[in-house]
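# Remarks on the overall topology
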Amino acid sequence: MNLRVVGANLVVSIKIFYREKTAMFFTTTFPILLILVFGTIFMDRDKVSFNLCVQDLDQTETSAEIAKTLALTGKFKITRVDPAIDATQYAKNNKVNIVLIIPKDYERSYTQYLQFDDPNAFVTITYVYDPSSSSVVAKMQILDMVFARMNQGLSGKPSFVRTAEISIHTREYRFVEFFIPGIIAMAVMTASLFGTVNVNTELRQKGIIRKLSTTPITHTDWILSNILYQFILAVISTTAMLVVSYAVFDVKLRINAWLPLFIVLDVFTFVGIGMILTRIVKEAQSATAAANAIMFPMMFLSGSFFPLEMMPGFLQKFARTLPLYYVNEGLRASMVFNDNLTALSYSAIIGTFAAMVFIVGIMATKWEEGT
Amino acid sequence: MTTEVEHAIEVENLKKLYGNLVAVDDISFNVRQGEVFAFLGPNGAGKTTTVEIVDTIRRPTSGKVRVLGMDVRKEKRDIVPRIGVLPQGFSSFDRITVRETMQYYSRLFCLRNADIDGLMDLVNLKDKAKEQYMKLSGGLKQRLGIAIALVNNPEVVFLDEPTTGLDPRARREVWEVLLGLKKEGKTVFLTTHYMEEAELLADTVAIISRGKIIAMDSPAQLIESNADNLVLTLHPVDEKAFEVVWKMGFEPVLNNHKNINVRVERTDDIRKILNALKDAGASLLSMDVRKPNLEQVFLKLTGEALNDGASGEKGVE
């Protein structure tokens, strides 16, 4: 390895990056946009508030209490529906996935149940709903839970089975905090993989690699300078993502030595994979397609966006074979949960993988043409 | 340590196959120290494959290739710092300036005192030092490529079709640079399909066709030993001249413009014809003598025109 040669390559790469304004723009703004978009989507995941349409056919003070009780749970924003119109038609016309109908004799039945202790007195609350909607099941489950509590309260007896929640973490974490390390890992992976594949196929097609093969630069110098360059870009984009995360979402993440270590390992792994891909796939377009084929499973199956628990069992097992999983979980362990032991074990796994890929990448890099 | 060897390049029974396609077919040649050696041939003849094997870009299928006494297969790392290469279709980093590109390549060779200004002067690029590569014209890009090939002050310079695709003016500018290299006494291995380029620059020309060297000598000697007779064209005042030449034993041909073409073997024959015409009182309006060139040599040896490709046959450069 020749540091002067590595440095020369690095300087040229940085100059090209600085002069390619669009590349610079996308390197810094794309991860920020990801953080803003997904952060906004997931920011209030812990305090979900659904829209709920309520049609009160009884129009009494007692029936109005139901809507108030539902609003007080904090889970619903209530929209009142005119009792004169057809609820099904209303749902269709207004693209509403659920309308809750309080029946006409609600107050009378309520009085009969409470004051006369009539066991046959009851009311039926109707859900007019769209079964094709993905969120309607969650709404109905919450409504069932609220009405079960109301029934239990009306019975006059305290609950026998009660529940208590104890978090294993010293403080409560927000979903956005869980999400940001995953986005950092993913953004670094994407930039390293595509940066390597695009630059190398372009240089090969332009004949620059052929010219470089007649200079003393070695494959190790070349890959190391690629890794250093991608690391610098990763530091820039990670810094931008963290600044936005702190400023916009007020996250509380631990920034320590694990962060640069996992970024380095992320870069090593995916620059190495990019080098191997460049050897296997010669044309720029095919190389991009191959990079996509690697990137998408990593992006969606390694837990960057969603917790693995949300996936079927076999996919969870598959996720553990993906290198990005160990970067995601290692970063979360260090940045969110302050779990150094997990960070250490995951860094060892991804470090071993990165070393293997790096060596194969050097062996796969070939500048001489034909055999 | 630099070792003096008589031949800068030695190629023995070189063969290169791409699958079943024979790109270079058992060729042998030597390039002396300090000479300009040109590979002349049409597209697809095997010029680039050969030069890329010799300058270490490609690996041979079989045969021995030594550069400065070193084996290209085993001693690439020792050869590379001592050679300079302008590959075919040279290109560089679009957004890097001329000076930065020169500095970049000098750093790859770990040179602290590369004479970048001197090289830019040599190729007449000093006023473009701050221009980005993407903004240079084709001729300027080629000149930069030559300057880069010289950045490590190489003992042998490989220039693969340095003027292809350039307009005549740009081509002449590149030739001037190459003539400068020749004056400096550099060993230059040049490939070209322009016969005037080979004729102007080369000490030795190897004519290659379909992977084989079919003739190799100095341009003058190639022409001398392979070209057809000189062609004397006479524009006579009357028909008497035709009869005079005919009676001398030559085979004059009268063309549509009433000019007489006569093939002669030696320049002495021209003098004899002119004397005979004078003695017979056959006046001439004008006359000219066409000298054969490498184009005609190539046509004679291969049956193909030099710039038409290999008779439409698919070849590998």
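Residues numbered from 1 in each chain as written. Chains lettered and ligands numbered in written order. Predicted model: local features only at pLDDT ≥ 70, side-chain atom pairs only at ≥ 80, totals over all residues. Heavy atoms only, no water.

## As for unusual backbone geometry
Residue and element names in this part refer to chain A. Phi is positive for Gln 59, which is not a glycine, with a value near 55°. Assignment of secondary structure puts Gln 59 in the loop between strand E1 (50–56) and helix H3 (61–72). Positive phi, close to 50°, is recorded for Asp 250, a residue that is not glycine. Counting through the fold element by element, Asp 250 comes out in the loop between helix H9 (219–249) and helix H10 (258–280). Given a relative accessible area of 47%, Asp 250 falls into the partly exposed group. (Helix = DSSP H or I, 4+ residues; strand = E, 2+ residues; numbered from the N terminus. Buried < 20%, exposed > 50% of the residue type's maximum accessible area, 1.4 Å probe, protein only.)

## With respect to the packing of aromatic side chains
Evaluation of the coordinates by the stated rule reveals 19 aromatic pairs over all chains. Measuring from ring centre to ring centre gives 6.0 Å for A:Trp258 and A:Phe262, while their planes differ by 35°; the resulting arrangement is tilted. Within this pair, A:Trp258 and its partner A:Phe262 are both found in helix H10, separated by 4 residues, close to a single helical turn. Classification of A:Trp258 as buried rests on a relative accessible area of 16%. Its relative accessible area of 0% is what places A:Phe262 among the buried residues. Judged by centre distance (6.0 Å) and plane angle (50°), the rings of A:Tyr325 and A:Tyr346 are tilted. Here A:Tyr346 lies in helix H14 (residues 340–364) and A:Tyr325 lies in helix H13 (residues 323–335), a separation of 21 residues in the sequence. Using a relative accessible area of 18% as the deciding quantity, one classes A:Tyr346 as buried. Three or more aromatic residues joined by ring pairs make a cluster, and in this case those are B:Phe29, B:Phe37, B:Phe39, B:Phe158 and B:Phe189. (Phe/Tyr/Trp six-rings, centres within 6.5 Å; stacked < 30°, edge-to-face > 60°.)

## Some words on the domain arrangement of chain A
Domain annotation for chain A reports domain 1 (45–167) and domain 2 (175–364). Computed from C-alpha atoms alone, the centre-to-centre distance between domain 1 of chain A and domain 2 of chain A is 48 Å. (Domains from an automatic or database assignment.)

## A word on the packing of H9(A) against H14(A)
Residue and element names in this part refer to chain A. Where H9 meets H14, the closest approach of the two axes is 9 Å, and the angle between their N-to-C directions is 130°. By the angle between their directions, the pair H9 and H14 is classed as oblique. With respect to the hand of their crossing, H9 and H14 are arranged in right-handed fashion. On the side of H9, the interface is formed by His 219, Thr 220, Ile 223, Leu 224 and Ile 227, while H14 contributes Phe 358, Gly 361 and Ile 362. For the contact of H9 with H14, the residue count by class is 5 nonpolar, 3 polar and no charged. (Axes fitted to C-alpha atoms, helices over the stretch in contact; angles between N-to-C directions. Parallel < 35°, antiparallel > 145°, perpendicular 65-115°, else oblique. Left-handed = near helix turned anticlockwise from the far one by under 90°. Contact = heavy atoms within 4.5 Å. Nonpolar A, V, L, I, M, F, W, Y, C, P; charged D, E, K, R; others polar.)

## Remarks on the sheet that holds strand E13 (residues 260–264) of chain B
All names here are of chain B. Spatial strand order, E12-E13-E11-E14: 4 strands in an open sheet with antiparallel pairing. Looking at strand neighbours, the two that pair on one side only are strand E12 (253–254) and strand E14 (284–290), the edges of this open sheet. Sheet analysis places strand E11 (residues 230–236) next to E13, joined by 5 bridges and oriented antiparallel. Bridge pairing in E13 links Val 231 to Arg 263. Relative to E13, helix H9 (residues 240–247) is tilted by about 20°, and along the sheet it contacts E11, E12 and E13. Against the sheet, helix H10 (residues 267–280) makes contact with E11, E13 and E14, and its axis sits at roughly 15° relative to E11, the strand it touches most. (Pairing = 2+ DSSP bridges.)

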